[in-house]
Amino acid sequence: MIIQPRTRGFICLTAHPEGAAQHIKDQIEYVKSKGKIADGPKKVLVIGASTGFGIASRISAAFGSDAATIGVFFEKPATEGKLGTAGWYNTAAFEKEAHAAGLYAKSINGDAFSDDIKKQTIDLIKQDLGQVDLIVYSLASPRRTHPKTGVQYASVLKPIDQAFTNKTVDFHTGVVTDITIQPVENQEDIDNTVAVMGGEDWKFWIEDLKAAGVLAEGVKTVAYSYIGPELTYPIYRNGTIGRAKDNLEATVPTLNELLKDLNGVSYVSVNKALVTQSSSAIPVVPLYISLLYKVMKAKGIHEGTIEQMQRLFAERLYNGSDLQLDEKGRIRVDDLEMREDVQKEVAALWEQATTENLEEISDIAGYRNDFFQLFGFNFDEIDYEKDTNEVVPVPSIG
Ligand code: NAI
Ligand code: NA
């Protein structure tokens, strides 16, 4: 099949298996180039393991400290005449590379919010690894079916107290317009978003893993959060998704209590704003990211998901000395994004940004490139005119 990008808004409907494999190889090479992470994780469960920060975490663990990894995700498999999703092809490539390097890697494709997938995961840990010493929680989903009640929740991306008007960009066309996003209509919008993206499911995972006896002495668990600049506060940190992140962060003391007798610990890591399938769905944020990229690249401090996760593992979670946390107890790998000089320059560019000057003052080209690379496109190494086999199995799934 000849596979070309086909987009609808911020969604890409196609994915390229060889391009995805190239993307994975590049990330593996990066992690290898940084050297081994001394005393890094050895047996790792990644929940949300197929794209974005999750696959980068899996690669950082596997190729940074030779970890055995189990990955859980929700992706569409590739079948004859039907493309798989990007995360499917990412995982197919990851497992192939991991196995070639002599590393254990198996995956489970299904709804991580369900009791059934939790049980399947626990059975697999018992069968193959015995216990895990790191659990990465990197889910991003627009909906969740509650495993105990069956209630279906849909998250919304809305401001809370009042309508929010600001600039936004269509990153395909580069057209900058004003967008007004109406606030939540009721508490339910907030509660639904917290139910999907808050900490309850993370807690359910850790409770179930603990009850099954599959957590190792000294176990760590980490989930990912975001803060960002004041200009996105109304839609992000002070909006519905921010309430979910508050809830996720507030789960840490509960998990610490739960893990105490194992000398275990839980963390939230605040990560940098990056192009992923999830962040491209948030209004206003893509324009901010394209200005941020411009400023951070000019200063030589830009990082992608793999640089972020490698640094989180090597210099934060497993750096062997005291971990620096912020006043709310969070790990900060958004430190470079939030640097005062960076934020000042981004804010000044934000004021100026128009359709006419966008290509010049922002890195919208870099944004676009990253977006297409999420789906295996835009890699120089790949000939996109060439016929390619769309049926690529994930070795451990088939
Ligand atoms: P992503 O969309 O690339 O990854 C989401 C992952 O969750 C995928 O592996 C997907 O298969 C999996 N998933 C979704 N629904 C599932 C389900 N029901 N069952 C099993 N797996 C499911 O998103 P990204 O951006 O990597 O987000 C991961 C975390 O990082 C989120 O908590 C997000 O808020 C956070 N974060 C993202 C930032 C960004 O700029 N992209 C910045 C800081 C934090
Ligand atoms: Na992820």
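Quick notes on the rules
- Residues numbered from 1 in each chain as written.
- Chains lettered and ligands numbered in written order.
- Predicted model: local features only at pLDDT ≥ 70, side-chain atom pairs only at ≥ 80, totals over all residues.
- Heavy atoms only, no water.
- UniProt positions renumbered as here; feature names shortened; annotations may be inferred.
- Near = heavy atom within 4 Å.
- Polar contact = N/O pair within 3.5 Å; in protein donor to acceptor, adjacent residues only side chain to side chain.
- Areas by Shrake-Rupley, 256 points an atom, 1.4 Å probe, with all protein chains shown as cover.
- Nonpolar A, V, L, I, M, F, W, Y, C, P; charged D, E, K, R; others polar.
- Helix = DSSP H or I, 4+ residues; strand = E, 2+ residues; numbered from the N terminus.
- Expected span 1.5 Å × (residues − 1).
- Contact = heavy atoms within 4.5 Å.
- Core = buried A, V, L, I, M, F, W, Y, C linked by side-chain atoms within 4.5 Å.
- Buried < 20%, exposed > 50% of the residue type's maximum accessible area, 1.4 Å probe, protein only.
- Patch = residues over 30% accessible without salt bridge, like charges linked within 9 Å, V, L, I, M, F, W, Y side chains within 5 Å.
- Salt bridge = Lys/Arg side-chain N within 4 Å of Asp/Glu carboxyl O.
- Pairing = 2+ DSSP bridges.
- Right-handed = clockwise from strand over helix to strand, strands pointing away.
- Donors = N, O, S within 2.8 Å, 3.2 Å for Na, K, Ca; no water.
- 1 Å grid on protein atoms, 1.4 Å probe; cavity = no way out; pocket = protein on both sides within 12 Å on 5 of 7 lines; lining within 4 Å.
- Points joined across faces, edges and corners; volume = space filled by probe spheres on them.
- Axes fitted to C-alpha atoms, helices over the stretch in contact; angles between N-to-C directions.
- Lys, Arg positive; Asp, Glu negative; His and termini not counted.

The name recorded for the protein in an unreviewed UniProt entry is Enoyl-[acyl-carrier-protein] reductase [NADH], from Sphingobacterium zhuxiongii. According to its UniProt record, the protein has this under Sequence similarities (unreviewed entry): "Belongs to the TER reductase family." In its Function (unreviewed entry) section, the UniProt record describing the protein reads: "Involved in the final reduction of the elongation cycle of fatty acid synthesis (FAS II). Catalyzes the reduction of a carbon-carbon double bond in an enoyl moiety that is covalently linked to an acyl carrier protein (ACP)."

Trainee: What's the story with the site of ligand 1 in this structure? I'm lost.
Mentor: What surrounds ligand 1 is a group of 29 residues, the closest being Ser50, Thr51, Lys245, Thr276 and Ser278. Alanine 140 has a polar backbone atom sitting 3.5 Å from an oxygen atom of ligand 1. With the chains in place, 92% of the 840 Å² that ligand 1 exposes on its own is no longer accessible. Class assignment for the residues of the shell around ligand 1 results in 13 nonpolar, 12 polar and 4 charged.

Trainee: Can you help me understand helix 4 (residues 115-129) in this one?
Mentor: Because the α-helix completes a turn every 3.6 residues, residues three or four places apart line up on one side. Under the 1.5 Å per step criterion, the end-to-end length of helix 4 is 20 Å for 15 residues, consistent within 8% with the ideal 21 Å. The secondary structure elements touched by the buried residues of helix 4 are strand 3 (43-47), strand 4 (68-73), strand 5 (105-109), strand 6 (132-137) and helix 6 (200-211). Looking one or two residues beyond helix 4, the residue adopting positive phi is glycine 130, at roughly 80°.

Trainee: Which parts of the structure should I look at to understand the UniProt feature "domain: Trans-2-enoyl-CoA reductase-like NAD(P)H binding" (unreviewed entry) in the protein?
Mentor: Per the UniProt record, the feature "domain: Trans-2-enoyl-CoA reductase-like NAD(P)H binding" (unreviewed entry) sits at residues 2-80. End-to-end, the C-alpha atoms of residues 2-80 are 13 Å apart, and along that stretch the chain is 39% helix and 19% strand.

Trainee: Even after reading the chapter, I still don't get the nonpolar core, so can you show me in this structure?
Mentor: Across soluble globular proteins, nonpolar side chains have a tendency to be buried as a group. Judged by nonpolar contacts, the single largest core of 96 residues is most densely connected at Ile59, Phe63, Phe94 and Phe313. Residues in contact with phenylalanine 63, not counting those within four places in the same chain, are Ile28, Val31, Lys32, Lys36, Phe94, Glu97, Ala98, Ala101 and Leu103. Counting 30 residues, the second-largest nonpolar core is a separate cluster that includes Ile125, Val132, Ile206 and Val268.

Trainee: I tried to follow helix 7 (residues 240-250) on my own but got confused; where do I start?
Mentor: Within the span of helix 7, buried status applies to Thr240, Ile241, Gly242, Ala244, Lys245, Leu248 and Glu249. Taken together, the buried residues of helix 7 touch helix 5 (187-197), helix 6, strand 11 (215-225), helix 8 (252-259) and strand 12 (265-270).

Trainee: In this structure, what is going on with unusual backbone geometry? I would like to understand it.
Mentor: Among all residues save glycine, negative phi is the norm, and among peptide bonds the norm is trans. In the Ramachandran plot, asparagine 263 falls in the positive-phi region, its phi being about 55° despite a non-glycine side chain. Residue placement: asparagine 263 occurs in the loop between helix 8 and strand 12. Overall, asparagine 263 belongs to the exposed group, its relative accessible area being 56%. Here the phi dihedral of asparagine 378 falls at roughly 70°; this positive angle occurs in a residue that is not glycine. Since its relative accessible area comes to 38%, asparagine 378 is described here as partly exposed.

Trainee: Could you clarify how one ought to interpret a nonpolar patch on the surface in this entry?
Mentor: There is a patch of nonpolar side chains on the surface, built from Phe10, Ile11 and Leu13 and spanning about 250 Å² of accessible area. Here isoleucine 11 lies in strand 2 (residues 11-12). A residue is classified by how much of its surface remains accessible, and isoleucine 11, at 40% relative accessible area, is partly exposed.

Trainee: Sorry if this is basic, but what is going on with the pairing of strand 5 here?
Mentor: Remark: a regular strand shows side chains that alternate across the two faces of the sheet. Here strand 4 runs beside strand 5; their pairing, made up of 5 bridges, is parallel. If you follow phenylalanine 73 over to strand 5, its bridge partner there is asparagine 109. Crossover strand 4 to strand 5 through helix 3 (residues 86-100) is right-handed.

Trainee: What am I meant to see in the coordination of the sodium ion (ligand 2) here?
Mentor: Looking at the metal site, the sodium ion (ligand 2) is ligated by Thr51 (O), Gly54 (N) and Ser138 (OG), spaced 2.8 to 2.9 Å from it. Of note, the donors binding the sodium ion (ligand 2) are all from one chain and are spaced T-x2-G-x83-S. For threonine 51, a relative accessible area of 23% gives the class partly exposed.

Trainee: Whenever I open this one, the layout of surface pockets confuses me. Can you help?
Mentor: Where empty space is left can be seen by rolling a probe of water-molecule size over the atoms. Taken as a whole, the second largest pocket encloses approximately 220 Å³ of empty space. Surrounding the second largest pocket, 13 residues form its lining, Pro17, Ala21, Ala93, Lys96 and Val392 being those nearest its centre. Of all the elements in the fold, those that place two or more residues in the lining of the second largest pocket are helix 1 (17-33) and helix 3. Looking at the lining of the second largest pocket residue by residue, the class counts come to 8 nonpolar, 1 polar and 4 charged.

Trainee: Would you take a moment to explain the sheet that holds strand 12 for this structure?
Mentor: Backbone-to-backbone hydrogen bonds pair the strands of a sheet. The strands run either parallel or antiparallel. If you walk across this open sheet you meet the 7 strands as 5-4-3-6-11-12-13, and the pairing is parallel. The strands lining the two open edges of the sheet, one partner per strand, are strand 5 and strand 13 (331-332). Looking at chain direction, strand 6 and strand 11 are connected through 5 bridges and run parallel. In the strand pairing of strand 11, valine 132 is matched with leucine 215. Relative to the sheet, helix 8 contacts strand 11 and strand 12, its axis offset from that of strand 12 by approximately 155°.

Trainee: Explain the side chain of lysine 245 to me, please; I cannot follow it from the model alone.
Mentor: Of note, lysine 245 is situated in helix 7. For the buried lysine 245, which has no salt bridge, the nearest side chain bearing the opposite charge is glutamate 249, at an N-O separation of 7.5 Å. From its side chain, lysine 245 meets the backbone oxygen of tyrosine 224 in a polar contact 2.9 Å long.

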